[in-house]
Amino acid sequence: MKKLYTLLAVLLVAALLLPACAPAEADCSSEDVFCVGLVTDVGKINDKSFNQSAWEGVQRAEKELGAKIQYIETADSKDYDKNIATFADENYDVIVTVGFGMGEATVKAAGLYPNVKFIGVDQFQAAETPGVVGLNFPEDNAGFLVGALAAMMSKSHKIGAVCGTDVVPPVWRFGEGYKAGAAYADGMMGTTTEVFVVYHSDVGFDKTFTDPEWGAATAKSMMDQGADAIFGCGGITGNGAITAAAQAGAYAIGVDTDQYLTLPEAAPRMLSSAMKLITPGVFDLIKAAKEGNFPVGNYFGAAGYAPFHDLDSEVPANVKAEMEKINAGLLDGSIKTNVPPVKP
Amino acid sequence: MQADTSSDLPSKGFLRSALDAMLVPFLAILTAVVLGGIIIAVVRGNPFLAYYGLIQGSFGSAKALSETAVWATPYIFAGLAVALAFKGGLFNIGAEGQLALGATVSALIGYALPDWLGFDLPAIIHLPLTILVGVAGGAFWAAIVGFLKAYTGGHEVINTIMMNYIALNTISYLLNGPMKDRDPNNVIARTPLIAESARMPEIFEGLRVHWGFVLALLTAFVIWWLLNKTTLGFEIRMVGANPDAAKYAGINVKRTIIVTMTLSGLLAGMAGALEVTGLNFRHELGFSIGYGFDAIAIALLGKSHPLGVVLASILFAAMRNGATRMQFLTQLPVDLISVLQALILLFVAADAIIRYLYGIKTKGERVVLTRGWGG
Amino acid sequence: MDLRRFGFILLIIIVLFGLVVFIGQVKSPPIVIITSMMATTIAVATPLTLGALAGVFCERAGVVNIGIEGMMLSSAFFGWLSAIYMFHVFGFPVGVSIWTGVLFAILSGMLMGLLLAVLSITYKVDQIIGGTVINILAVGLTGFLNRQLFFGRGSVFGGNVPNSPGVLPTLHVPVTEIFSPLCHSAECLQVVTSINKVFDQKPVAISAILLVFIAHYILFYTRWGLRARAVGEHPKAADTVGINVFKMRYASVIIGGGLAGLAGAYFTIESVPSFEPLLTNGRGFISLAAMIFGNWTPIGAWTAALVFGASQALNINMQLFRDVIPPQLAILQQSYVVGLIPYILTMIILTGIIGRTTPPAADGVPYEK
């Protein structure tokens, strides 16, 4: 009897499941509904790194432009096409795809859905495709700036950078820019700074960005060798390095956003951050799409260095002046990082 | 596939035995779904909408069905690989590495062979060759482990884990270096595209499902036939059930272990080769690593029976595939799928819980899937 | 553990260290390199040691534990979560919150151990399946909760991950303070301060080393240990002399879970104060390898974990010294190739060249009365 009752109960639940209500929601195909969808690269939307920054840009579009927004997390690279199509089939107006890995899928989708505007974050467009804009950043400039800063501030003349995998071009540009910046500062100040740059090479791309324990171990190793400024460039892995550096009293340098604000544990020793302003970049492009002046090809977002915050008093005036000069030089092109866009 | 289930339980009719065999897994899935629904409700999600999305996204349209089949293809092969090893008393955690290695060498033959030869090959030769080399790669990788197990007693669980890391490290090196796509626009660690002559033809235009899926179903049947109707299959099962008895019965246990492991790796390599020739047309450094581990769950869920593996693969594929639609509708995290899968596995494994819940009598015989480390 | 194997492991570590000193000497003095390598080795080895000890306890009593990875992951999450709750929601001071986090990490490890015990001992589910269930469950549960609690609409902390109260403090050993007055040269001072870095460790790292010896003592020199091993070797015989096989196995598996839990605490409460999905990154499986590498003995497992630590240290240092690697050793620039070393070593060990590994006789076999 027990079996019968339980089976009945189960069938009841199953029956409830079947005629599930089709969702009644705002229709993106209508003219007055502006819909923005975001597809993450393999990784989480709350990665405190580029997926999240891009999503914050989309959220800003919800607040300021009244957009209807939604995201899909990609669990496997073979779902890229399907995830993009899920939004496109629902007549979304703008689709943001995050990460260089989705570049090809984005271009392909633009061919299939000519009415949709695509924003590809970190996707360099070698050729123009109608409806696609690649949002790129001069990461080498940002790396250059903090590299110069670290070299000027280091007392031991040894500095380090702990990065995600160099297979990802933006990460590589951060790391190489850092080296170039340190060399530039050396030339200016007449010092010789030893730069350790270590890229994490694990068997999965995603793992190289989500291994804080490795980041911390590597940073400690560098500090044991005398380094007194550590640049963490590579998502969560970098965060581990930054936190370890701050705990040991070395200068910590963040990446992507002003990490003084996102890594409170390291804030007291946070010298600066190599910033890559994804959130405003994504928002500006969404706004352009809404206003009908959506660009094609490549759009370069801003990169720079974050304020010194708590350590402001420790940074000498001449260093501050030099930093502003270098920043201006990079912007007007009189200083070049000489870092190619892609690892040769 | 009629004789399939009935051969396991020869005393009952086919229908009755099939129902019996499927009752517990079915109830396990149902229980997991209900529990999962409760979890969704607790975190203020809408379980009905979530499951609706899951079903719509996996079976709701031709495209959805095609994508489910795309996911199911490697699952079936990798699941069969693990299941076959289970039958032989071996635990192959290394399907992941065997699959990746198979895919890599398959891609190499796919793009480089015409260059090496200096002329284009007809598809009738190039395609089978590309698949065969991939299959051989997987088989070789597993055979090493089988050999070590047979002759040194090195346990296959640890050795396959180690071989996974070795394979993935080596492939990372190859795809970042010697085998990297030299196209100036390429920044990703991946091989060049394989030649047209090494690609599988489409089944339906515009859908990604490829002949690999059909091949997977056929292979499942072949494996069932091999295990139940051939001497080799009997030896594998005998060694799996009781190696000492097998030895006294005159079976060459060492040889059987190596053969089982090789066949298992062969199937995993096949999964990799078909991903390359049927779907991606290249090998790309895996963003996520997971087929090998999903395959273990699939083999367990399918009770190591080829038909069970096919069904379990389709279930897992549907869940992975439908997750996109579920996310789109509810914004619930994809990890929910892993929770559901773990619950299903838990209830299938600990079927005593299900039997108790639904008042089903216990069967006499218990299926032993694996044994411990013992030599 | 037999001496031959110990010697072999020692030799590997010396070779790895020697290689780095040889290459790096143009950049850093040997003592700095050696102490830095030692510090990295100990840091990397800590979770591996604890994970391997967890394996030793379970398997000595006859339960194969392939779920160490999942146990570590879930306890890393729940330990971190409880520290955050204690700090932000209940307003406890930092120290209390952190230590509560450690406690909860251990407890959730024990809970996972209990799950494995219920499945494999009571329900006699195949032990490897039980472990696989734990692994998948841990991935799903931590990923799901991490998202639902901290991100998105209606999440507990309004969409922001609150910062963790912090990490465990370093326990300073006053090597420098004691020995520096004896120094009369800069070199000597450098040696002393460098060595100090090896001794300054955090609580979990220290307890991992202590636990190795405690576990060794318990397993091989106490009545309880004898009983646990008897249950793992000859459960029938143990039963006939009045040992409660089920109780012993339950206890061992739960202790093992607690050890894996402490390893979890290492990740989110000692090393870095944040949780990330999948942050254990396969270290549970490496622990398993370390356990077998060390022939199911605590000290052996520890030395094996040190080998894994030393090869990780080699890998990091090869990148630091990338530009001074001599051309004939250029292969060492390839971190993927260097990364292969520990796995190949493990396989060599398993072939039995330097002594066979012998698991407990009843390991993996459910006990039927």
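Everything numeric here is computed off the predicted structure, so don't read it as measured data.

1. Concerning the overall build of chain C
Scanning chain C from terminus to terminus reveals 15 helices and 0 strands. For chain C, whose C-alpha radius of gyration is 22 Å, the value lies close to the compact-globule estimate of 21 Å for 369 residues. The principal-axis extent of the C-alpha atoms belonging to chain C is close to 70 × 55 × 40 Å. Going through the 369 residues of chain C one by one, you find that 59% of them count as buried. By sequence separation, contacts in chain C at least 24 residues apart represent 77% of the contacts at least 6 residues apart.

2. What to know about the sheet that holds strand β5 (residues 132–136) of chain A
Residue and element names in this part refer to chain A. If you walk across this open sheet you meet the 6 strands as β2-β1-β3-β4-β5-β11, and the pairing is parallel. The open sheet has two edge strands, β2 (68–74) and β11 (297–300), and neither has a second partner. The sheet shows a mean angle of 20° between the axes of neighbouring strands, direction not considered. Set on the sheet, helix α2 (residues 50–65) makes contact with β1 (35–42), β2, β3 (94–98) and β4 (117–121); between it and β1 the angle comes to about 175°. Each of β1, β3, β4, β5 and β11 is contacted by helix α11 (residues 278–291), which is oriented at about 165° to β4, the strand it contacts most.

3. Quick word on helix α6 (residues 123–152) of chain B
Over its 30 residues, α6 of chain B extends 43 Å from the first C-alpha to the last, a length consistent with the 44 Å expected when each residue adds 1.5 Å. Looking at the residues trailing α6 of chain B, positive phi occurs at Gly153 of chain B, about 80°.

4. Concerning the interface of chain C and chain B
Every contact between the two is made by 42 residues of chain C and, on the other side, 39 residues of chain B. Of all the secondary structure elements, the ones that give two or more residues to the side of chain C that touches chain B are α5 (127–150), α12 (283–293), α14 (335–338) and α15 (341–350) of chain C. Top contributing element to the side of chain C that touches chain B by residue count: α5 of chain C, with 14 residues. Residue composition of the side of chain C that touches chain B, grouped by class: 25 nonpolar, 13 polar and 4 charged.

5. Topic: the confidence of the model for chain B
Of the residues in chain B, 90% have a pLDDT of 70 or more, and the chain-wide mean is 86. Predicted confidence for residues 1–12 of chain B stays below pLDDT 50, and this span has 15 contacts to residues more than four positions away or in other chains.

6. A look at the confidence of the model for chain C
When pLDDT is low, close inspection of the predicted coordinates is not appropriate. All names here are of chain C. On average, residues of chain C score 88 in pLDDT, and 95% of them are at 70 or above. Between the elements of chain C, mean pLDDT differs from a low of 81, seen in α15, to a high of 96, seen in helix α8 (residues 203–221). Both scores are given for the predicted complex: the pTM is 0.88, the ipTM 0.84.

7. Side note on helix α5 (residues 95–117) of chain B
Residue and element names in this part refer to chain B. Spanning 23 residues, α5 covers 32 Å between terminal C-alpha atoms, matching the ideal 33 Å at 1.5 Å per step. Along α5, the sharpest kink reaches roughly 40°, centred on Tyr111 and followed within four residues by the proline Pro114. Most of α5 is tucked away: 18 of the 23 residues are buried.

8. Re the pairing of strand β7 (residues 194–199) of chain A
Counting buried residues along β7 of chain A, 5 of its 6 residues qualify, which places the element largely inside the surrounding structure. Assessed by its sense of winding, the connection that carries the chain from strand β6 (residues 158–163) of chain A through helix α6 (residues 169–189) of chain A to β7 of chain A is right-handed.

9. Some thoughts on the packing of α6 of chain B against helix α7 (residues 156–176) of chain B
The description of two helices packed together rests on the angle between their axes and the distance between the axes. Residues and elements named next belong to chain B. Contact geometry of α6 with α7 gives a least axis separation of 10 Å together with a crossing angle of 150°. By the angle between their directions, the pair α6 and α7 is classed as roughly antiparallel. As α6 runs across α7, the sense of the crossing is right-handed. Seen from α6, the contacting residues are Trp141, Ile144, Val145, Leu148 and Lys149; seen from α7, they are Glu156, Asn159, Thr160, Met163 and Ala167. Here the residues of the contact of α6 with α7 sort into 6 nonpolar, 2 polar and 2 charged.

Cut-offs and rules
- Residues numbered from 1 in each chain as written.
- Chains lettered and ligands numbered in written order.
- Predicted model: local features only at pLDDT ≥ 70, side-chain atom pairs only at ≥ 80, totals over all residues.
- Helix = DSSP H or I, 4+ residues; strand = E, 2+ residues; numbered from the N terminus.
- Rg over C-alpha atoms; globule rule 2.2 N^0.38 Å.
- Buried ≥ 20, exposed ≤ 12 C-beta atoms within 10 Å, placed from the backbone.
- Contact = placed C-beta atoms within 7 Å.
- Pairing = 2+ DSSP bridges.
- Axes fitted to C-alpha atoms, helices over the stretch in contact; angles between N-to-C directions.
- Expected span 1.5 Å × (residues − 1).
- Nonpolar A, V, L, I, M, F, W, Y, C, P; charged D, E, K, R; others polar.
- pLDDT = per-residue confidence, 0-100.
- Bend = angle between axes of the 7 residues up to and from the residue.
- Right-handed = clockwise from strand over helix to strand, strands pointing away.
- Parallel < 35°, antiparallel > 145°, perpendicular 65-115°, else oblique.
- Left-handed = near helix turned anticlockwise from the far one by under 90°.

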